[in-house]
Structures are given as C-alpha cells and as structure tokens.
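Spelled out from the first residue to the last, the chains are:
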Amino acid sequence: MVINSKLPDVGTTIFAVMSKMANDHDALNLSQGFPEFPIAKELVELASKYMREGYNQYAPMPGVPSLLESIAGSIEKKYGLQLDPQAEVTVCAGATEAIYATLTAIVSSGDEVILFDPAYDCYDPTIRLNGGIPVHLTLKQPAFSIDWDEVEESITPRTKVIMINTPHNPSGSILTSHDLLKLQSIVEKHGLIVLSDEVYEHIIFGQEHESVLKYEALRKRSVAIYSFGKTFHATGWKSGYVIAPESITEEIRKIHQFLVFGVNTPIQYALAEFIRDEKNLSSISEMYERKRDIFQQAVASSRFDIVPCHGTYFQLLSYKQISDLDDLTMAEKLTKEHKIASIPISVFYNNGRDDKVLRFCFAKNQDTLEKAGEILCKI
C-alpha cells in the first residue's frame, strides 16, 4: 500500500526525540516543556470530586457553560472586556488543537500566513496541511523583536493571517504595547486576521502581558489561544481555549467538533470552579520568576551566555564561547556525555538557522535546577 504523505518532510517532533534520548541516557530532562512538580491539590480534588459525582459523559461541544462563564469572567477582570461566553469562547483539547482548528477554519488554498521564526513547530505544518503558504520572517536578535516595516513589506494580496506568540517560545521575549499598536494598524489597513498564541500569558516577569484582547480594533480581527495546561502546570490534561469574534468562533467550532467534539468533562468543571478564585492565577508568574532566577544563578559562572528571558518557562543559553558544533549535535553531546537534555533552537527555524543556542526548561524543582547548573558549569 502506498500513501502519498501530506507532510513528507516532517518526522517525529524534536521534543519526543530529546525526551527519549534523556531517558535512554539517564539525563536530566530540561528539553520537553513539562513541569516536574505537582499541580495544586485543590485542583486535583476538584477533578476527583466531579468524577465521583458522575460528570463523566460528553461535555457540550463548545465547553461546559460554567467554564465558558468562568473564562469570560476572568477576561473581564483582566481587560475590562465583556465577552459573550456562549458565542466567543470555545474550550479545546489543548492549544495545539486550538491552533489547528483555527487555521483550518480560516486558511484556504493559496492564502499566505505570516509567522515569525523561531516559531513553535506546529505552526508551519498546519498552515501547509490546509493549503496555505507559510511566509517565514525572522525575529531580530538579540531581543527577538519584530521588524514591523519588514512585516508591511511582506504583505501581498494573498496574505490572510499574521501569527504572533507572546510570551514567546522558545526565546522568552515578549511583545510590548508598541508592538500591538503597530500590529493593529497593519491588520486594519490590510484587512487581515491575527492568530495570537498567548499560552504563557500568566508566566511573564516584571511586566504586564500585552494581549490582542486589550486593543478594541485588534480584538475584532483576532483569535487568541490559551492553555490551562501551561497555566496550571498540568500539561497532560490537554485543555485550553480560544477567544474569537462570534463569526470566527462559529467557523472554528465547525472544525473543532470533528477533531475532538468535546473536552474532558470533569476537568472542565474543576477548572471552572478553580479559576473563579483570583489567587489561583495571581501567583504563577512569581513562582516561575523564582525558578528562572535560580537557574540563571546556577549557570552564572559557566561558559554559557544567558539570553534575557522575560516570560515562559524556557531559558536560552548560547554556547558560542564553548564549541563550534551545530546545535543539534551539541544537544546530543550534552545529553549523552554530560547527562543533561535540551532543545536545539535550529528546529524552530524554517531554514535551520543555527546560532549556537539551546533551550532549557526551568519548570523544575530547585534541586534539579541546581544540579543542572553544576553540570553546565563543568562544560
């Protein structure tokens, strides 16, 4: 039997590859972005409670009403924005499904989608699977910032969508109010749609998160995607949500219903109750900032150069002063010989650009971070 692959150039994701390598070589796994500490006991108890009470059958396709309402309430507290929870909020099986459903809903054959490298690895394949044309622009170093003049010059009559990610994985950079205002001006001028990946909105250090939802004209042309898994370090729950204008939400739900139909029912009820208490959201950034600082202090005396990190739970380290190896080979060497696993940043570039930078996840316990620092300081 012969199957013509729709993604002939796509193999197993680097995250799975490096995690397996870490397991095979008994290495500290700071590659794949999953926390090693437990989620809140109260949230676990809520999930268990709803399971025991019989909330174990299919949830409504858009999400259970109480969770839609809790999400809308949280957004109103943050941005003063009143959403229609039944028409503008959709619960998805994680942000990856949300991104897939959104791009499938709005991208047609020949549509161009502007995205910024280094970019998360699901963006480009999803665009291509829907017949779209990815237009890769490169974030400007050292700040991993967007050149908005370059964006404007890249727009053609076929441009349909601009994708942004803030806080940004893998760099840890963030967009500012200036960036969002420039984006707003561009999409209004050219009639474009924005897909805003904001899954690390609650993991931002010393600054406020700039969401597309804060800017009225931008919000009307934007789809914003969020992740409960990232927020509550429960990545295995695969739960997130999409906020979009009603007309776009209607199209996203047409795709969502045939991907997963509904999302885990008792987890939705647990999340609905949990996020009503603002304290369950307010301390997340502070916790991760402490972990970032612990990791940075642990590697401060190493030969690695620390790239500034303003959000997410990832830290980039440059090894330009250590080795001329390409980053994939360097990541493999560190895993096999030094027993610490990371992610090579070249995999986030469409052209495989290699800046001799590795990504380390600091969503770990303090002893793990300190042990990682000891290893890296010996290299």
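Not measured: the values here are computed from a predicted model.

**Student:** Even after reading the chapter, I still don't get the sheet that holds strand β7 (residues 222-227), so can you show me in this structure?
**Tutor:** Backbone-to-backbone hydrogen bonds join strands into a sheet, with any given pair of strands oriented parallel or antiparallel. Sheet architecture is open: seven strands sit in the order β2-β8-β7-β6-β5-β3-β4, paired in mixed fashion. Across the chains shown, the open sheet's two edge strands, defined by having one partner strand only, are β2 (89-92) and β4 (133-138). Pairs of neighbouring strands in the sheet enclose a mean axial angle of 20°, with direction left out of account. Bridge analysis of strand β3 (residues 112-117) against β4 gives six bridges, and the strand direction is parallel. Counterpart to Val113 in the pairing with β4 is Pro134. Lying on the sheet, helix α8 (residues 177-190) is in contact with β5 (159-165) and β6 (193-197); it crosses β5 at an angle near 165°. Helix α11 (residues 246-259) contacts β2, β6, β7 and β8 (240-243) of the sheet and is inclined by roughly 25° relative to β2.

**Student:** Whenever I open this one, the side chain of Glu201 confuses me. Can you help?
**Tutor:** Within the secondary structure, Glu201 is located in the loop between β6 and α9 (216-219). Judged by its relative accessible area of 5%, Glu201 is buried. Only 2.4 Å separates the side chain of Glu201 from the side chain of Lys78, close enough to count as a polar contact. A polar contact of 3.3 Å, which involves the side chain of Glu201, links it to the side chain of His202. Here Glu201 is in contact with Lys78, Tyr79, Pro167, His209, Tyr226 and Tyr241, once residues within four sequence places are set aside.

**Student:** Explain the nonpolar core here, please?
**Tutor:** In a soluble, globular protein the nonpolar side chains are often hidden away together inside. Membership of the largest hydrophobic core comes to 123 residues, with the highest contact counts inside it found for Ile71, Ile162, Met163, Tyr288 and Phe295. Discounting residues that sit within four places of it in the chain, Ile71 has contacts with Val89, Val91, Phe228, Tyr241, Ile243 and Ile275.

**Student:** I would appreciate a short explanation of the sheet that holds strand β13 (residues 357-361) in the present structure.
**Tutor:** The four strands are arranged β9-β10-β13-β12 in an open sheet whose pairing can be described as antiparallel. In the strand order of this sheet, the two ends are held by β9 (305-306) and β12 (343-344), each with one partner. As paired strands, β12 and β13 are joined by two bridges and run antiparallel to one another. Pairing of Ile343 across the sheet is with Arg359, part of β13. Most of the contacts of helix α14 (residues 284-299) go to strand β10 (residues 314-318), to which it runs at about 20°, and overall it touches β9, β10 and β13.

Criteria and cut-off values
Residues numbered from 1 in each chain as written. Predicted model: local features only at pLDDT ≥ 70, side-chain atom pairs only at ≥ 80, totals over all residues. Heavy atoms only, no water. Pairing = 2+ DSSP bridges. Helix = DSSP H or I, 4+ residues; strand = E, 2+ residues; numbered from the N terminus. Axes fitted to C-alpha atoms, helices over the stretch in contact; angles between N-to-C directions. Contact = heavy atoms within 4.5 Å. Buried < 20%, exposed > 50% of the residue type's maximum accessible area, 1.4 Å probe, protein only. Polar contact = N/O pair within 3.5 Å; in protein donor to acceptor, adjacent residues only side chain to side chain. Core = buried A, V, L, I, M, F, W, Y, C linked by side-chain atoms within 4.5 Å.

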